Amino acid sequence: MAATQKDTYSVELIGFSQTELMALASVFDLSSRRIPKFVRHARAGTPPDIFLVDASDMDAVKLLRERNASEQIPAILIGDSSHGTRWTVLARPIRWMKLFQAFDVAIALPSAETQVKPAAAAARPAPIPASASASVQASAATPGAGTSANPQADWVLVVDDNLTVREFMKSKLAAFNFNVDYAESGEQAIGFTGQKHYACIFLDVVMPGIDGYQVCKLIKSNRAAKKTAVVMLTSKDSPFDKIRGSMSGCDAYLTKPVDEEKLLETIARFVPTS
């Protein structure tokens, strides 16, 4: 295990198909926003901090044994077998949150989520409910209020009248070094977008006052917000609703309860890395 905590850790990939390598590239892009960061190992002749290995590829497993015979460097195996090693095994398909957790565990950091389990118990994490009781205080109603803004970080806006949804989004966005504002209505959202630029807006459809479709149209009609990605965040998931979202100009459509894997994929897609 790493003796001291660093800001950046390198991960060497052994094996994997081109499809999985492309997916892992997105994982590393998003990870560049976390602290600590996990980046793909690129320095030939130097050991990585972590090995990430395709456990279904016996040549990859053999190479891991040769490169890490003393098992001093932590490894994460993707597949269904540890091949007699003591390392963490994550089942396919590769799940972003599970992989982030495994990275944290590998460098002996306490994970912000649940502990990583072996492949046999690594089931798909349950989505977070769209509504539930919460004992948290309401978000600030002005842009940046209560936020320690990082002038170099992108701004993200979450628009939802449900406090629990706002808190869920807050907990998921916090790890990636965004500046985040929260609005409880479409009118507030329009006011916020008139004051600053947002890289991405997560927008509920059904809210008091003007609905999300109208808000999206107004945002997209603003030339200053041309590069802002608008992601509809709603329980309305019929084909008709998605067509309405597309007609209003939204860039993506996430349904509630929000699946955190799809949320991370959306963030990686629409918010440029630092």
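Residues numbered from 1 in each chain as written. Predicted model: local features only at pLDDT ≥ 70, side-chain atom pairs only at ≥ 80, totals over all residues. Heavy atoms only, no water.

Asks: What am I meant to see in the sheet that holds strand β5 (residues 88-90) here?
Replies: Across a sheet, strands are paired by hydrogen bonds formed along the backbone, either parallel or antiparallel in direction. Within the open sheet, the five strands sit side by side as β2-β1-β3-β4-β5. Their pairing is parallel. The outermost strands of the open sheet, each flanked by one partner alone, are β2 (37-40) and β5. Averaged over neighbouring strand pairs, the angle between their axes works out to 25° when direction is ignored. Sheet topology places strand β1 (residues 8-14) next to β2; four bridges connect them, and they run parallel. Pairing of V11 across the sheet is with R40, part of β2. Running over the sheet, helix α1 (residues 18-31) touches β1, β2 and β3 (50-54) and is turned about 145° from β2. The strands touched by helix α3 (residues 96-106) within the sheet are β1, β2, β3, β4 (75-78) and β5, with β3 carrying the most contacts at an inclination of about 140°. (Pairing = 2+ DSSP bridges. Helix = DSSP H or I, 4+ residues; strand = E, 2+ residues; numbered from the N terminus. Axes fitted to C-alpha atoms, helices over the stretch in contact; angles between N-to-C directions. Contact = heavy atoms within 4.5 Å.)

Asks: Looking at this model, I keep getting lost on the pattern of salt bridges. Mind explaining?
Replies: Between side chains of opposite charge, a pair can form as their charged atoms come close. One pass over the structure, following the stated rule, counts 13 salt bridges. The salt bridge partner of D154 is R33, with a shortest N-O separation of 2.6 Å. Taken together, the residues span a long stretch of sequence, with D154 in the loop between α3 and β6 (155-159) and R33 in the loop between α1 and β2 at a distance of 121 residues. (Salt bridge = Lys/Arg side-chain N within 4 Å of Asp/Glu carboxyl O.)

Asks: What should I look at first to understand the nonpolar core in this one?
Replies: The tendency in soluble globular proteins is for nonpolar side chains to be buried as a group. The biggest cluster of nonpolar side chains holds 48 residues, and the ones touching the most others in it are L52, F103, M169, L173, F202 and I267. Among the elements that take part in this core, α3 stands out by supplying seven residues, more than any other. Once you skip the residues sitting within four places of it in the chain, M169 turns out to touch V158, F202, L233 and L263. Residues A189, I201, V205 and V215 belong to the second largest nonpolar core, which totals 20 residues. (Core = buried A, V, L, I, M, F, W, Y, C linked by side-chain atoms within 4.5 Å. Buried < 20%, exposed > 50% of the residue type's maximum accessible area, 1.4 Å probe, protein only.)

Asks: Explanation requested: the pairing of strand β7 (residues 179-183) in the structure shown.
Replies: Two faces make up the sheet, and in a regular strand the side chains alternate between them. Most of β7 is tucked away: five of the five residues are buried. Bridge analysis of β6 against β7 gives five bridges, and the strand direction is parallel. Residue pairing across strands places W155 opposite N179, the latter belonging to β7. In this fold, the crossover linking β6 to β7 by way of helix α4 (residues 163-173) has right-handed handedness. (Right-handed = clockwise from strand over helix to strand, strands pointing away.)

Asks: Explain the packing of aromatic side chains here, please?
Replies: Think of a pair of aromatic rings as described by two things: how far the centres are apart, and how the planes are tilted against each other in angle. Tallied over the full model, the rule gives four aromatic pairs. A centroid spacing of 5.7 Å and a plane angle of 25° characterise the contact between Y9 and F38, whose relative ring orientation is stacked. Here the residue Y9 occupies a position in strand β1, and F38 occupies one in strand β2, the gap between them amounting to 29 residues. When the centroid spacing of 5.9 Å and the interplanar angle of 55° are considered together, the rings of F100 and F176 count as tilted. Of the two residues, F100 is situated in helix α3 and F176 in the loop between α4 and β7; the sequence distance between them amounts to 76 residues. Every member of this aromatic cluster is reached through a ring pair, and the members are Y9, F28, F38 and F103. Here the guanidinium or amino end of R34 rests over the ring plane of F100, the centre of that ring lying 4.7 Å away. A cation over a ring is seen here: K196 above W155, with NZ or CZ 3.3 Å from the ring centre. (Phe/Tyr/Trp six-rings, centres within 6.5 Å; stacked < 30°, edge-to-face > 60°. Lys NZ or Arg CZ within 6 Å of the ring centre and 35° of its normal.)

Asks: In this structure, what is going on with α3? I would like to understand it.
Replies: Most of α3 is tucked away: ten of the eleven residues are buried. Considered for burial, the residues of α3 that qualify are W96, M97, K98, L99, F100, Q101, A102, F103, D104 and A106. A108 lies just past α3 and shows a positive phi near 65°.

Asks: Would you mind showing me how to read helix α6 (residues 212-220) here?
Replies: Side chains that are three or four residues apart share a direction in an α-helix, a result of its 3.6 residues per turn. All buried positions along α6 are accounted for by G212, Y213, V215, C216 and I219. The buried residues of α6 all sit within an arc of 160° when viewed along its axis, so they share a single face. Structurally, α6 contributes buried residues whose contacts are with α5 (186-193), β8 (200-203), β9 (229-234), α7 (239-248) and β10 (252-255). (Arc of directions from axis to C-beta.)

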